[in-house]
Amino acid sequence: MIPRRLQSRIADDLSTEAAVVLLGPRQSGKTTLALGLGETMPSLYLDLEQPADRAKLADPQLFLGGLEDRLVILDEVQNVPELFAILRGLIDQGRRRGRDAGRFLLLGSASVDLLRQTSESLAGRAVYRELAPLDVLEIEPAAIARDELWLRGGFPRSLIAPSARKSFERRRSFIRTYLERDIPAFSPRAPAETLRRLWTMLAHNQGQPLNASRLASSLGVSSPAVSRTIDLLVDLLLVRRLAPFHANLGKRLVKSPKVYIRDSGVLHALLDVVTRDALFGHPVIGPSWEGFVIETLCNLAGPWTHSFYYRTSAGAEIDLVLERPGGEKWAIEVKHGLVPKLERGFHLACEDLKPARRYVVTSGEGRYPMSGGVEAIGLAELAGMVAT
């Protein structure tokens, strides 16, 4: 067992809130975390993908209404969107009777936006948390190497697989599950082969500004169809769209979002990269490392930090801009290697934005000053700073 940082926060949420919605991609560890919490209090677990458990909810009002004395854990709740309206009523009834904490823990493999599109809102009645795959701060106590996390990704079953080949097979199975079942459940008209090709093309274009028209032309589909599918991949927490920084700086700014496959292990599986040697010899190594660093920092920064990239038509560029609570900006460049060389574009961009802190994340572990007020820093150290 690798302890998850989020577990104590959810336990605290349940002590004061009637419902907690725990979101995260499939196999990120939501069920394991929830069952661990369930062992600390009276609870009932229902997997809504299992017919036997769904049958118990033939009359959900009656069944769930009789369980006020325990925590009810409902897994894969996006499969029964009509349940949200009933939960809303049960929470309100419980509040009137003084039972207003620790009633429901809902697990879902979709974003808040997608759940709101398909279900009755629990606004004001639930706290929403996102469980990302394992990150560099969580694997450190388990003595798992950072490069192993980068190669295999943070999904627990992939990370702890007995071999690189087995890890790769588990990630390919994960991809098939989404292509054959999860994505068609939300977008039934999209052919699985087209979805696979689009997902793979996004992997080949890791970290590039989105050009939906070019992708559509390559796939032989319409540009709106590509945009809708990417929207769905974002909603299913599989793809990150990093927004461009917008400000009235008198500059011609690039306005298309950058697109990243969120988990580095899934990226490598889409590109048939199995081993560390294969990764280090592959053209994707730079974009892969960039995506790995950006995903780590964005997940750890929390909901009150805004994430952007900055690029102008004149060549000024910053890989990641974190706007911290209070408006302080951190400019972060990502370089794979131990001796980073910063391009002139980074310094020009810093002149435009005037960030409070300037970092270049290397693949090493040391921290040292560079010219122009920039610090070179390892990922784990910067991750710890961002998480505080």
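Our structure is the block above this text.
Just so it is clear, the model here is predicted, and its values are computed rather than measured.

*Asks:* I tried to follow unusual backbone geometry on my own but got confused; where do I start?
*Replies:* With the exception of glycine, the majority of residues adopt a negative phi angle, and the majority of peptide bonds are in the trans configuration. Of note, Glu76 is a non-glycine position whose phi angle comes to about 55°, a positive value. Exposure remark for Glu76: the relative accessible area of 7% places this residue in the buried category. Positive phi outside glycine occurs at Lys354, with the angle close to 50°. Relative to the helices and strands, Lys354 resides in the loop between α17 (344-353) and β12 (357-362).

*Asks:* Is there a simple way to think about the sheet that holds strand β9 (residues 306-311) in this case?
*Replies:* Adjacent strands of a sheet form backbone hydrogen bonds with each other and so pair up, either parallel or antiparallel. Overall, mixed pairing links the 6 strands, which are arranged β9-β10-β11-β12-β14-β13 in an open sheet. Looking along the sheet, the strands with just one partner apiece sit at the ends: β9 and β13 (368-369). Sheet topology places β13 next to strand β14 (residues 375-378); 2 bridges connect them, and they run antiparallel. Paired with Pro369 across the two strands is Glu375, which belongs to β14.

*Asks:* In this structure, what is going on with the packing of helix α1 (residues 6-14) against helix α2 (residues 30-38)? I would like to understand it.
*Replies:* Interhelical geometry of α1 versus α2 gives an angle of 50° and a closest axis separation of 11 Å. When the axes of α1 and α2 are compared, the pair comes out oblique. Helix-helix and strand crossings are classified by hand; for α1 and α2 the assignment is right-handed. Of α2, the residues touching α1 (which contributes Leu6, Gln7, Ile10, Ala11 and Leu14) are Leu33, Gly36 and Leu37. Across the contact of α1 with α2, the residue classes tally to 6 nonpolar, 2 polar and no charged.

*Asks:* Is there a simple way to think about the state of the cysteines in this case?
*Replies:* In protein structure, a disulfide is the covalent linkage between the sulfur atoms of two cysteines. Throughout the structure, instances matching the rule amount to 0 disulfides. Cys350 provides the cysteine sulfur closest to Cys298, a residue in no disulfide bond, and the two sulfurs are 17 Å apart. The class of Cys350 is buried, set by a relative accessible area of 0%.

*Asks:* Would you explain the layout of surface pockets in this entry?
*Replies:* Using a probe with the size of a water molecule, rolled over the atoms, empty space left in the structure can be pinpointed. Here the largest pocket defines a volume of roughly 1,400 Å³. Around the largest pocket, the lining comprises 40 residues; the ones closest to its centre are Glu130, Cys298, Asn299, Gly302 and Pro303. Of all the secondary-structure elements, those providing two or more residues to the lining of the largest pocket are α1, α6 (112-118), β5 (126-130), α13 (223-235), β7 (239-242), α16 (285-301) and α18 (379-387). Residues that form the lining of the largest pocket fall into these classes: 20 nonpolar, 6 polar and 14 charged.

*Asks:* Would you explain α13 in this entry?
*Replies:* Note: α-helices contain 3.6 residues per turn, so residues at a spacing of three or four share the same orientation. Between its terminal C-alpha atoms α13 stretches 18 Å, which fits the 18 Å expected from 13 residues at 1.5 Å a residue. Listing the buried residues of α13 in full gives Ala225, Val226, Thr229, Ile230, Leu232, Leu233, Val234 and Asp235.

*Asks:* Help me out: how do you make sense of empty space enclosed by the protein in this one?
*Replies:* Under the definition given, this model contains 3 cavities of 30 Å³ or more. Here the largest cavity defines a volume of roughly 230 Å³. What lines the largest cavity is a set of 23 residues, among which Pro133, Arg262, Asp263, Glu295 and Asn299 lie closest to the centre. If you list the elements that add at least two residues to the lining of the largest cavity, you get α14 (264-270) and α16. Taken together, the residues that form the lining of the largest cavity break down as 13 nonpolar, 5 polar and 5 charged. Its volume calculated, the second largest cavity comes out at about 60 Å³.

Conventions adopted
- Residues numbered from 1 in each chain as written.
- Predicted model: local features only at pLDDT ≥ 70, side-chain atom pairs only at ≥ 80, totals over all residues.
- Heavy atoms only, no water.
- Buried < 20%, exposed > 50% of the residue type's maximum accessible area, 1.4 Å probe, protein only.
- Helix = DSSP H or I, 4+ residues; strand = E, 2+ residues; numbered from the N terminus.
- Pairing = 2+ DSSP bridges.
- Axes fitted to C-alpha atoms, helices over the stretch in contact; angles between N-to-C directions.
- Parallel < 35°, antiparallel > 145°, perpendicular 65-115°, else oblique.
- Left-handed = near helix turned anticlockwise from the far one by under 90°.
- Contact = heavy atoms within 4.5 Å.
- Nonpolar A, V, L, I, M, F, W, Y, C, P; charged D, E, K, R; others polar.
- Disulfide = S-S within 2.5 Å.
- 1 Å grid on protein atoms, 1.4 Å probe; cavity = no way out; pocket = protein on both sides within 12 Å on 5 of 7 lines; lining within 4 Å.
- Points joined across faces, edges and corners; volume = space filled by probe spheres on them.
- Expected span 1.5 Å × (residues − 1).

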